[in-house]
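Coordinates in review
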Amino acid sequence: MATDGNKKNENSSKKEGKSKALTQDQIVNGFNQLRQEQRSLVTKAAELEMELNEHNLVIETLKQVDGDRRCYRMIGGVLVERQAKDILPDRKSVV
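Residues numbered from 1 in each chain as written. Predicted model: local features only at pLDDT ≥ 70, side-chain atom pairs only at ≥ 80, totals over all residues. Heavy atoms only, no water.

1. Some thoughts on the overall build of the chain
Check the secondary structure of the chain and you find three helices and two strands. The order of helices and strands in the chain, counted from the N terminus, is α-α-β-β-α. Within the chain, counting contacts between residues at least 6 apart in sequence, those at least 24 apart form 33% of the total. (Helix = DSSP H or I, 4+ residues; strand = E, 2+ residues; numbered from the N terminus. Contact = heavy atoms within 4.5 Å.)

Structure, rendered in structure tokens:
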């Protein structure tokens, strides 16, 4: 009986080994997919870094401006007029 159990384990592990074995094309496709994902992540990181730099530039500029000065901000394609003192805390919360 113990030998029957061992044979079943050997047969099932052989089947699993065959199903887990990847062809060279599958490996290359997997690698290319990972490379594309890595490129997308690098692009997104660069985009976010540029946005952060823009926010910091706006913050530094608004610090030098009178708080009652009118400022314009694009929100969802609509240009909105606000005061500098209202925009500055909003920009700081983003950063």
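2. Remarks on the packing of helix H2 (residues 24–63) against helix H3 (residues 84–94)
Running from amino to carboxyl end, H2 crosses H3 at an angle of 145°, the nearest separation of the two axes being 10 Å. Note on packing geometry: the crossing formed by H2 with H3 is left-handed. Every residue of H3 that contacts H2 at His-55, Val-58, Ile-59, Leu-62 and Lys-63 is listed here: Ala-84, Ile-87, Leu-88, Arg-91, Lys-92 and Val-94. When its residues are assigned to classes, the contact of H2 with H3 shows seven nonpolar, one polar and three charged. (Axes fitted to C-alpha atoms, helices over the stretch in contact; angles between N-to-C directions. Left-handed = near helix turned anticlockwise from the far one by under 90°. Nonpolar A, V, L, I, M, F, W, Y, C, P; charged D, E, K, R; others polar.)

3. Details of the pairing of strand E2 (residues 78–83)
When strand E1 (residues 70–75) meets E2, the two strands line up antiparallel, connected through six bridges. Its bridge partner being in E2, Met-74 is matched across the sheet by Leu-79. Here E1 hands over to E2 after two residues, with Gly-76 in that stretch at a positive phi of 60°. (Pairing = 2+ DSSP bridges.)

4. Quick notes on a nonpolar patch on the surface
Together, Leu-52, Val-94 and Val-95 give the surface a local cluster of nonpolar side chains, amounting to about 230 Å² of exposed area. Here Leu-52 lies in helix H2. (Patch = residues over 30% accessible without salt bridge, like charges linked within 9 Å, V, L, I, M, F, W, Y side chains within 5 Å. Areas by Shrake-Rupley, 256 points an atom, 1.4 Å probe, with all protein chains shown as cover. Salt bridge = Lys/Arg side-chain N within 4 Å of Asp/Glu carboxyl O.)

5. Things to note about H3
Within H3 the residues assigned to the buried category are Ala-84, Ile-87, Leu-88 and Arg-91. Viewed end-on, H3 has its buried residues packed into an arc of 105°, placing them on one side of the element. On its buried face, H3 sits against H2, E1 and E2. (Buried < 20%, exposed > 50% of the residue type's maximum accessible area, 1.4 Å probe, protein only. Arc of directions from axis to C-beta.)

6. A look at H2
Between the first and last C-alpha of H2 there are 59 Å, a value that for 40 residues agrees with the 58 Å anticipated at 1.5 Å per step. For H2, the set of buried residues is His-55, Ile-59 and Leu-62. In this structure, the buried residues of H2 make contact with E1 and H3. (Expected span 1.5 Å × (residues − 1).)

7. Let's talk about the confidence of the model for the chain
Here the chain shows a mean pLDDT of 83. Residues at 70 or above account for 80%. Mean pLDDT across the elements of the chain ranges from a minimum in helix H1 (residues 2–20), with 56, to a maximum in H2, with 94. (pLDDT = per-residue confidence, 0-100.)

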